[in-house]
Amino acid sequence: MAAELPQVRDTELTDLPAILELHNAAIAAGTAIWDTEPVDLAERERWLAERRAAGTPVLTATVAGRFAGYAGYRQWWPKAGYRHTMENSVYVAAGHRRSGVASALLAELLARARASGVHAMVAAIESGNVASIALHRNFGFQVVGELPEVGRKFDRWLDLTLMQLTFEARVASEP
Ligand SMILES: CC(C)(COP(=O)(O)OP(=O)(O)OC[C@H]1O[C@@H](n2cnc3c(N)ncnc32)[C@H](O)[C@@H]1OP(=O)(O)O)[C@@H](O)C(=O)NCCC(=O)NCCS
């Protein structure tokens with residue numbers, strides 16, 4: 001029988017314990033998130049509430065009804081002039097990787113961005129993260145910058161690769 005395809009939908013409060021576990025695993029063992037201290041459920045509840053208030057999506061993927069990953073975007077920088085530019089993030093649970101979950105999440109996330117009139121999407125990726133760089137390249141993102149040694153975790157410097165996807169040109173007279 002063929003493997004079940006990932007299903008992508010808006011995140012519900014009941015997804016937050018699984019998101020918390022994945023988020024804290026990334027903090028503890030990875031270099032995708034440059035935090036060092038775990039967060040608690042209340043922090044993830046505030047995070048989801050902030051994204052909802054801002055009107056930016058947080059998507060959850062499931063496979064055969066089980067949580068498999070999440071993705072979202074927020075304004076790239078909290079200044080009015082950046083209001084048409086978003087930064088995305090995508091995380092897939094270890095047992096679900098390499099089966100198209102991130103691709104399903106990113107496809108829906110970019111569709112939502114296009115529908116909302118977002119002009120540019122940025123992905124800020126630790127430069128050794130070949131999986132994430134290849135994933136974003138698949139969706140048309142291009143490397144636009146390299147910031148050497150701007151992060152530090154696990155007693156070593158981390159470089160940041162900036163990738164960008166620009167949607168259709170906006171009319172110059174739009175606000
Ligand atoms: C990066 C990540 C999101 C990819 O998720 P995924 O569900 O495994 O990705 P997909 O199965 O949709 O794969 C899409 C493409 O990504 C690339 N890719 C995924 N895993 C890869 C790996 N281990 N090595 C190289 N390329 C990889 C491939 O191009 C792949 O396409 P292909 O399978 O047709 O070759 C996942 O590895 C992850 O959650 N990593 C930890 C958190 C993280 O780094 N998040 C990104 C922060 S910027």
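Before reading on, note that the structure itself is shown above.
Attention in this report is confined to the structure presented alongside it. (Residues numbered from 1 in each chain as written. Predicted model: local features only at pLDDT ≥ 70, side-chain atom pairs only at ≥ 80, totals over all residues. Heavy atoms only, no water.)

Observations regarding the sheet that holds strand β7 (residues 156-166)
Item 1. Strand order in the open sheet made by the 7 strands is β1-β2-β3-β4-β5-β7-β6, with mixed pairing throughout. Every other strand in the sheet has two partners, leaving β1 (7-10) and β6 (142-153) as the edge strands with one partner each. Between one strand axis and the next, the sheet turns through 25 degrees on average, direction left out of account.
Item 2. Pairing geometry for β1 and strand β2 (residues 58-63), over 4 bridges, is antiparallel. (Pairing = 2+ DSSP bridges. Helix = DSSP H or I, 4+ residues; strand = E, 2+ residues; numbered from the N terminus. Axes fitted to C-alpha atoms, helices over the stretch in contact; angles between N-to-C directions.)

A few points about the site of the ligand
Item 1. The environment of the ligand is formed by 18 residues, the closest being V92, R98, G100, S103 and N129.
Item 2. Between the ligand and the protein, one listed contact pairs a nitrogen atom with a backbone N or O atom of V90 at 2.8 Å.
Item 3. Listed by contribution, the elements that provide at least two residues to the shell around the ligand are β4 (85-92), α3 (101-115) and α4 (130-138).
Item 4. Among the residues making up the shell around the ligand, the classes are represented as 10 nonpolar, 6 polar and 2 charged. (Near = heavy atom within 4 Å. Polar contact = N/O pair within 3.5 Å; in protein donor to acceptor, adjacent residues only side chain to side chain. Nonpolar A, V, L, I, M, F, W, Y, C, P; charged D, E, K, R; others polar.)

Details of unusual backbone geometry
Apart from glycine, the bulk of residues carry a negative phi angle, and the bulk of peptide bonds sit in the trans form.
Item 1. If you check the backbone angles, A64 has positive phi at about 50 degrees while not being a glycine.
Item 2. Mapped onto the fold, A64 is located in the loop between β2 and β3 (66-75).
Item 3. One non-glycine residue with positive phi stands out, namely F154, at about 50 degrees.
Item 4. Position of F154 among the secondary structure elements: in the loop between β6 and β7.
Item 5. When its relative accessible area of 43% is taken as the criterion, F154 is described as partly exposed. (Buried < 20%, exposed > 50% of the residue type's maximum accessible area, 1.4 Å probe, protein only.)

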